[in-house]
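In case you want the letters, here they are:
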Amino acid sequence: MSRKQKFSLCIHGGAGVISQDELSDKEKNLIVNDLRKSLAAGEKVLANGGSAVEAVCAAVESLENSEHFNAGKGAVYARGGKHFLEASVMEGANLQAGAVANSERVKNPVLFAKELLANKDVVMMSGTNADALAEKLGCEMVDNNYFDNDFRKKQWEQAKKLSEDAIFLDHSNLKMGTVGAVAIDMDGNVASATSTGGMTNKLDGRVGDTAIIGCGTYANNKTCAVSCTGIGEFFIRATVASLVSNLMEFGKLSLEEASRIAIHEHQGKMGGEGGLIAVGSDGKFTMPYNSGGMYRGFVTNEEKKVFIWDEEEL
Ligand code: ASP
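As the structure is a computational prediction, the values presented were derived from the model and not from experiment.

K.L.:
Residues and numbers for unusual backbone geometry, please.
P.N.:
One non-glycine residue, Asn102, lies in the positive phi region at around 55°. In this structure, Asn102 sits in strand E3 (residues 96-103). Even without a glycine there, the phi angle at Asn201 is positive, about 65°. In this fold, Asn201 is placed in the loop between strand E6 (190-196) and strand E7 (217-220). Classification of Asn201 by relative accessible area gives buried; the value is 1%.

K.L.:
Which residues make up the site of the ligand, and what values do they have?
P.N.:
Taken together, Thr178, Gly198, Met199, Arg206, Asp209, Thr210, Thr229, Gly230 and Gly232 make up all the residues around the ligand. Gly230 is positioned such that a nitrogen or oxygen atom in its backbone is 2.7 Å from a nitrogen atom of the ligand. A distance of 2.8 Å is found between an oxygen atom of the ligand and a backbone nitrogen or oxygen belonging to Gly232. Taken together, the residues of the shell around the ligand sort by class into 1 nonpolar, 6 polar and 2 charged.

K.L.:
How would you explain the packing of aromatic side chains if you had to name every residue and give the values?
P.N.:
What the rule picks out here adds up to 5 aromatic pairs. Judged by centre distance (4.6 Å) and plane angle (40°), the rings of Phe285 and Phe298 are tilted. Placement of the pair is Phe285 in strand E10 (residues 285-286) and Phe298 in strand E11 (residues 293-300), with a sequence separation of 13 residues. Phe298 gets classed as buried once you look at its relative accessible area, which sits at 6%. Ring pairs connect the aromatic residues Phe285, Phe298 and Phe307, which therefore count as one cluster. We note Lys73 situated over the ring of Tyr146; from NZ or CZ to the ring centre the distance is 4.9 Å.

K.L.:
Please provide a residue-by-residue account of the pairing of strand E5 (residues 179-184), values included.
P.N.:
Here is the key point about a regular strand: its side chains alternate between the two faces of the sheet. E5 sits mainly inside the fold: 6 of its 6 residues count as buried. Side-chain alternation along E5 places Val179, Ala181 and Ala183 on one buried face and Gly180, Val182 and Ile184 on a second face that is also buried. Two strands pair when backbone bridges link them, and strand E1 (residues 8-16) and E5 are joined in this way by 5 bridges, in the antiparallel orientation. The residue of E5 that forms the bridge with Ile11 is Ala181. Of the pairings in the sheet, the one linking E5 to E6 comprises 6 bridges and is antiparallel in character. Among the inter-strand pairings, Ile184 is bridged to a residue of E6, identified as Val190. The antiparallel pairing of E5 with E6 creates a hairpin that spans 5 residues between the two strands, and Gly188 there sits at a positive phi of about 85°.

Analysis parameters
Residues numbered from 1 in each chain as written. Predicted model: local features only at pLDDT ≥ 70, side-chain atom pairs only at ≥ 80, totals over all residues. Heavy atoms only, no water. Helix = DSSP H or I, 4+ residues; strand = E, 2+ residues; numbered from the N terminus. Buried < 20%, exposed > 50% of the residue type's maximum accessible area, 1.4 Å probe, protein only. Near = heavy atom within 4 Å. Polar contact = N/O pair within 3.5 Å; in protein donor to acceptor, adjacent residues only side chain to side chain. Nonpolar A, V, L, I, M, F, W, Y, C, P; charged D, E, K, R; others polar. Phe/Tyr/Trp six-rings, centres within 6.5 Å; stacked < 30°, edge-to-face > 60°. Lys NZ or Arg CZ within 6 Å of the ring centre and 35° of its normal. Pairing = 2+ DSSP bridges.

Here is the structure:
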């Protein structure tokens, strides 16, 4: 195939309650800096003619290694005080996918999901068996306390106080931090990857949308690549990521309209909160959200920008 197409890459670092008053300049700069690092990691792959899958995984790996996001290092705490990680990857050219839920020891869950994508026999692994397989496949493994972070611990302690006797989780104060990337490479192939620690104080064993192909992650060369962030239960019930693709393929809607409907008309009207990033097979992209803000950015052959609220962060 001839290389004629321009590339685009979008990333997110989570949607949720992001109060302009509570986010200090110092914190904001650290976050924006790590978003830029992630864009650079993905851009390097794409500009060298690499694949969309490699680019989204490089961008997400970079965000997983930053403790400012709820994925990999810096993941939130679950009910029992441990971290349970999720990630998924999908390739639009062949609809291959890989996903992991409830990993406790894989340093970069997105890289394990990429290993699963590369085979045809299994899409999704969970729990200690996932960790054992990741280790066998040569993924870098760490102790669960590698993911510890004081800020996330404080969030968890506050959440525990608020819902001491509750069996289920109160989602009313969504904290952002899940990460994701979507890209189109110079061969015209799209891909998507998403990674998270889930929701603060989630039940041990709970699985969110990030691990589920079609809900938090989807990619199809016929339409687009999508990565979501928000209250996972709504994104699962609204099958947000594949809905965008299906509205485009079967409903003939544009990327922008399909994404708007998925976020604002479907999961939003069910009571959900969050956002998505999506890139179409024509290279156009969109990043709608119905939460207080969403860390996000994009890079193309021509420009690179990072946003938190509605206006650009320089
Ligand atoms: N969607 C993630 C989950 O429910 C959380 C997030 O996006 O912040 O696990």
